[in-house]
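Understanding the architecture of this molecule
What follows is the residue order along each chain.
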Amino acid sequence: MNRSALLVVQHLLGSGHLRRAVLLGRALADAGMQVTVASGGMPLAGLNMEGINFVQLPPVRAVDAAFSALVDADGNVVDAAWRAGRLSALLTCFDSARPDLLVLETFPFGRRKMRFELLPLLARAGQAKKKPRIVCSVRDVLQQRKPSRTAESAEWANRYFDAVWVHGDEKFIPLRDSFPVDQLRIAATHTGYLYDDRGAAGGEGEGEGEVIVSAGGTGAAGRALNAAALAAAEADHEKTWRILMGGGAAHQKWRQHAGRARVENNRADFPQLLRNCAVSVSRAGCNTVLDLLSARARAVLVPFEEHGETEQLQRATRLGKTGRAVLLREHALTPAALTQAVSKAARAPRPAKTTVNMNGAATCAALAGEMLRRRG
């Protein structure tokens, strides 16, 4: 009998959450499951959906990096009527998929603004005639919250979920560094990172000797780093600086002020550029860090720290302590400081091959199979 899985994911700023969910979905599909991925964020082109039934829910995004409000595809702040329609669409998706396995990405350890639909979804799953096993899928580092919020997350996890899959390597960054795991009464298993660099190859010489800058977009999270990189590139008469960002009007505006820098669209061969470059300059998002480790790239990490964000700083600090990156704190970011950090990274030896576990997709497929076999 074929087993079915429903993965529910919501990306509000970047696209990393959706990319991980799709990679996990493909691994479950490869293991013989019928997989549906329900995405609540803005549509994202270029994803490999092979073997997956992809459902685009009415999309929503955060209006800013502080998550001060949610807006729909037209930029309108969502209201009660929108929430009711979105909840109906999600419950319809659940009823149609009739999953044996329900995977919620991040919640209840994040995505609290989506509880208007996720708590009713969990209630529906608990009342279903064919009650699914329920798993929370989280990245390696959780945003640190005040104690009351942390306790609430643990209470929801213990009440509704059967397990937590931590997409990270406990020997590299254990979950306990960002969350008090002793509050959990369910198993929290480090699966290894979800990573797939297939299709990453590009021109073998592209990016050779360059400074590759990937700031994570042209919005609030990328603006300061892009601006510092443009100014640093203008003063650097030795190396080419290639700055990657999303397309659209914002991209065109940055290109008009590029000067000596090369401003390009984000590229599918980004991992290959990292293998070739002299130095990578980036934020410290999970997917970017995995690309850096795989490519053995010399790196400068400028973690995003606005609005009390701690997740990227923890990851960047770990790489800095192990000699795999130069850490430049956001409050110290200036063109001169960035130039100095790039020079320091360029003088360092190339990092050794990583031993970090990146086989998380296969591990999750095995965990799912065992979980469903035990249920019968």
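Before reading on, note that the structure itself is shown above.
Procedures and definitions
- Residues numbered from 1 in each chain as written.
- Predicted model: local features only at pLDDT ≥ 70, side-chain atom pairs only at ≥ 80, totals over all residues.
- Heavy atoms only, no water.
- Helix = DSSP H or I, 4+ residues; strand = E, 2+ residues; numbered from the N terminus.
- Rg over C-alpha atoms; globule rule 2.2 N^0.38 Å.
- Buried < 20%, exposed > 50% of the residue type's maximum accessible area, 1.4 Å probe, protein only.
- Contact = heavy atoms within 4.5 Å.
- Areas by Shrake-Rupley, 256 points an atom, 1.4 Å probe, with all protein chains shown as cover.
- Lys, Arg positive; Asp, Glu negative; His and termini not counted.
- Charge placed at Lys NZ, Arg CZ, Asp CG, Glu CD.
- Polar contact = N/O pair within 3.5 Å; in protein donor to acceptor, adjacent residues only side chain to side chain.
- Core = buried A, V, L, I, M, F, W, Y, C linked by side-chain atoms within 4.5 Å.
- Expected span 1.5 Å × (residues − 1).
- Arc of directions from axis to C-beta.
- Salt bridge = Lys/Arg side-chain N within 4 Å of Asp/Glu carboxyl O.
- Axes fitted to C-alpha atoms, helices over the stretch in contact; angles between N-to-C directions.
- Parallel < 35°, antiparallel > 145°, perpendicular 65-115°, else oblique.
- Left-handed = near helix turned anticlockwise from the far one by under 90°.
- Nonpolar A, V, L, I, M, F, W, Y, C, P; charged D, E, K, R; others polar.
- Pairing = 2+ DSSP bridges.

1. Points about the overall build of the protein chain
- Scanning the protein chain from terminus to terminus reveals 11 helices and 15 strands.
- Against the compact-globule benchmark of 21 Å for 376 residues, the protein chain has a radius of gyration of 21 Å, which places it among compact chains.
- With the principal axes as the frame, the protein chain shows a C-alpha extent of 70 × 45 × 40 Å.
- Per-residue burial for the protein chain yields a buried fraction of 53% across its 376 residues.
- A separation threshold of at least 6 residues defines the contact pool for the protein chain, and within that pool the share at least 24 residues apart is 73%.
- Counting only carbon and sulfur atoms, one obtains 48% of the accessible surface of the protein chain, whose full area is about 16500 Å².
- Each charge class in the protein chain was averaged separately, 50 positive and 36 negative side chains, and the resulting centres sit 4 Å apart.

2. Focus: the environment of Glu305
- Within the element layout of this structure, Glu305 appears in the loop between β14 (299-301) and α9 (311-321).
- Along the backbone, Glu305 and Val71 are 234 residues apart, and their C-alpha atoms lie at a distance of 23 Å.
- Excluding its chain neighbours within four sequence positions, the residues that come into contact with Glu305 are Leu313, Arg329 and Glu330.
- A distance of 2.8 Å separates polar atoms of two side chains, one belonging to Glu305 and the other to Arg329.

3. A few points about the nonpolar core
- Residues Leu6, Val8, Leu102, Leu104, Phe109, Leu118 and Leu121 are the most contacted members of the largest nonpolar core, which totals 38 residues.
- Elements with a minimum of two residues in this core: β1 (4-9), β4 (60-62), α2 (80-97), β6 (101-105), α3 (115-127), β7 (133-139), α4 (147-160) and β8 (163-167).
- The dominant element in this core, judged by the number of residues it contributes, is α2, at 6 residues.
- Excluding residues that lie within four positions of it along the chain, Leu102 makes contacts with Leu6, Val8, Phe94, Leu121, Ala125, Pro132, Arg133, Ile134 and Val135.

4. Observations concerning α3
- In a regular helix each residue adds 1.5 Å, so 13 residues correspond to 18 Å; α3 covers 18 Å between its end C-alpha atoms and thus fits that length.
- In this structure, the buried residues of α3 make contact with β1, α2, β6, β7 and α4.

5. Quick look at helix α10 (residues 335-347)
- Between its first and last C-alpha atoms α10 spans 19 Å; for 13 residues at 1.5 Å apiece the expected length is 18 Å, and the two agree.
- What α10 keeps buried is the set Ala337, Leu338, Ala341, Val342 and Ala345. An end-on view of α10 places all buried positions within 135° of arc, on one side of the element. What points out from α10, more than 90 degrees from its buried face, is the exposed set Ala336, Gln340, Lys344 and Arg347.

6. Brief notes about the pattern of salt bridges
- The tally for this structure, following the rule as stated, stands at 25 salt bridges.
- Between Arg242 and Glu264 there is a salt bridge; the shortest N-O distance is 2.9 Å. A residue pair is termed long-range when its members are at least 10 positions apart, and Arg242 in strand β11 (residues 241-245) and Glu264 in strand β12 (residues 262-265) qualify at 22 residues. As far as the burial class goes, Arg242 and Glu264 line up, both buried.
- One salt bridge in this structure joins Glu264 and Arg267, with 3.1 Å as the shortest N-O distance.

7. Notes on the packing of α2 against α3
- Relative to each other, α2 and α3 sit at 30°, their axes nearing to 10 Å. One way to sum up the angle between α2 and α3 is to call them roughly parallel. As for how α2 packs across α3, the hand of that crossing is right-handed. Residues Trp82, Arg83, Arg86, Leu87, Leu90, Leu91, Phe94 and Asp95 of α2 form the contact with α3, whose participating residues are Phe116, Glu117, Leu118, Pro120, Leu121, Arg124 and Ala125.
- Its residues assigned to classes, the contact of α2 with α3 shows 10 nonpolar, no polar and 5 charged.

8. Quick word on the sheet that holds strand β15 (residues 326-327)
- The sheet built from 6 strands is open, its strands ordered β12-β11-β10-β13-β14-β15 with parallel pairing. Because the sheet does not close on itself, it has two edges, and the strands there are β12 and β15.
- Of the pairings in the sheet, the one linking β14 to β15 comprises 2 bridges and is parallel in character. Counted as the bridge partner of Leu301 is Leu327 from β15.

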